[in-house]
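Chain by chain, the residues run as shown.
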Amino acid sequence: METKRAIEITPKAKLHPLKNRSVPLTPLNPGPLPGDWEVHPIGSVSHKVTNGFVGSSLPHQLDEPGISYLQGFNIRPSRIDLTKRSYVTADFHRSNPKSCLKAGDILIVQSGHIGTAARVPDGFGAANCHALIIVDIDRDLVDPDYVVEYLNSALGQARLRGLHVGSSMLHINTSELADYQIPLPQLREQRKIAEIMRTWNEAIEKLDRLRTAYESRILGLRDSLMARASRQGRPACFGDFLTESRIPGSNGATARKISVRLYGKGTLEKNSSRSGSANTRYYRRKAGQIIWSKLDFLNGAFALIGPELDGCESTLDLPAFDCDPSVNQAWLIEYLTRPAYYTRQVHLARGQRKARRIAPDDWLASPLRLPDRATQDHIADTLSCARKELSLLDAEIDAVTRQKRGLMQKLLTGEWRVSPTSEEPSETLKENAHAE
């Protein structure tokens, strides 16, 4: 019969939670903790800490359901995301027992979103994994959900950054993660903390699902309004109401200038640290201009320059266009960022980068059916109101997420304590926190 390992209390466990705040946090030092908490390397309270399969699994992957094959993109904070799912053969699964998964295993992203952790849920079924760190925690000593919540917390992530290694691709080593010191209250308190965090996670997931459904509704409404307006519109081309702007920048020959970068559909950001060659020319952009990435045309990289970016500069890789007052700019952005628009325009793309490049002149000559200004205004106003409601939902999600993050900080450092029979943090420690 296997003898259960004893947990030894380390000196760090004797620190008071509300003192010694200046102690630097490292992978080996979790900082001040309550005196009755213990601190242990993850490896000492786990049956194994190992890697998932490393190498090419492509010859063994299936296009149809088989053995689930989890990868880094499947691991989200405290949950497994199966939106994009991979499968491998049963022979591959049997040949690689080291990376076989079971319910309760903790999966940690080794490179990419380093340190993001999730637990394999009960009833998940047979599964294998690729390039993930697998932690088979000893459930008689540690609650796996507690460990997941700790690693995903701001505190846990800050400490994990001390394990990042590599130059071109940052990652963490399995052996070093095994030495990562994790603070452990009594098992019943761990479970209660995990239960509280699970409740908050479920609330955030419900809000996320509501947001996804609402956004899908907005996109459907947009497609319906645009299709109806196009049927009633007059033939035109973009060059009828758009003119490319090439106003030289303040010093067009200078390599280091402010540039506008598109990072999402219909959205802009300003980057003040981009540099180019000595021959790079920059052009001044104005609020109200339409700007887009001609190198990523088929990804819908169009945006409207807002007042906050007035006067910024960009290269010709991000051409900007002045719009005639007869066209509603907000309507135009909605029109240009629809996936359906690109489905019909693929034949315009030519040349390089997997047929995603198009010359500005070719695009300006491409046709559309232009609705009258009143219809454009109606569509733009309708979608603007809908997006304001979406913004309110985003604000609610952000507020709940921040509240959860603050609560995690208190619970995972022991500053607020929970009783195994109570869902609320200890009022005594709340008072102590306020007193400090």
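Refer to the structure printed above.
Residues numbered from 1 in each chain as written. Predicted model: local features only at pLDDT ≥ 70, side-chain atom pairs only at ≥ 80, totals over all residues. Heavy atoms only, no water.

## With respect to the sheet that holds strand β21 (residues 320-323)
Strand order in the open sheet formed by 4 strands is β14-β21-β18-β19, and the pairing between neighbours is antiparallel. Both edges of this open sheet fall to β14 (242-245) and β19 (302-304), since each of them pairs with a single strand only. Across this sheet, the average inter-strand angle for adjacent strands is 30°, counted without regard to direction. As judged from the 4 bridges shared by β14 and β21, these two strands associate in the antiparallel manner. When the bridges of β21 are listed, E244 appears paired with F321. Set on the sheet, helix α6 (residues 329-336) makes contact with β14, β18 (290-292), β19 and β21; between it and β19 the angle comes to about 165°. (Pairing = 2+ DSSP bridges. Helix = DSSP H or I, 4+ residues; strand = E, 2+ residues; numbered from the N terminus. Axes fitted to C-alpha atoms, helices over the stretch in contact; angles between N-to-C directions. Contact = heavy atoms within 4.5 Å.)

## What to know about the side chain of S86
Following the sequence through the fold, S86 ends up in the loop between β6 (79-80) and β7 (87-88). Residue class for S86 comes out buried when judged on its relative accessible area of 11%. Side-chain polar atoms of S86 contact the side chain of Q71, separated by 3.1 Å. Contacts of S86, omitting those with residues within four sequence positions, involve Q61, I67, S68, Y69, Q71 and F73. (Buried < 20%, exposed > 50% of the residue type's maximum accessible area, 1.4 Å probe, protein only. Polar contact = N/O pair within 3.5 Å; in protein donor to acceptor, adjacent residues only side chain to side chain.)

## Overview of the packing of α6 against helix α9 (residues 373-412)
Axis separation between α6 and α9 bottoms out at 8 Å; the angle between their running directions is 75°. Relative to α9, the element α6 lies roughly perpendicular. Between α6 and α9, the contacting residues are A330, W331 and E334 on the first element and Q376, I379, A380, L383 and R387 on the second. Across the contact of α6 with α9, the residue classes break down as 5 nonpolar, 1 polar and 2 charged. (Parallel < 35°, antiparallel > 145°, perpendicular 65-115°, else oblique. Nonpolar A, V, L, I, M, F, W, Y, C, P; charged D, E, K, R; others polar.)

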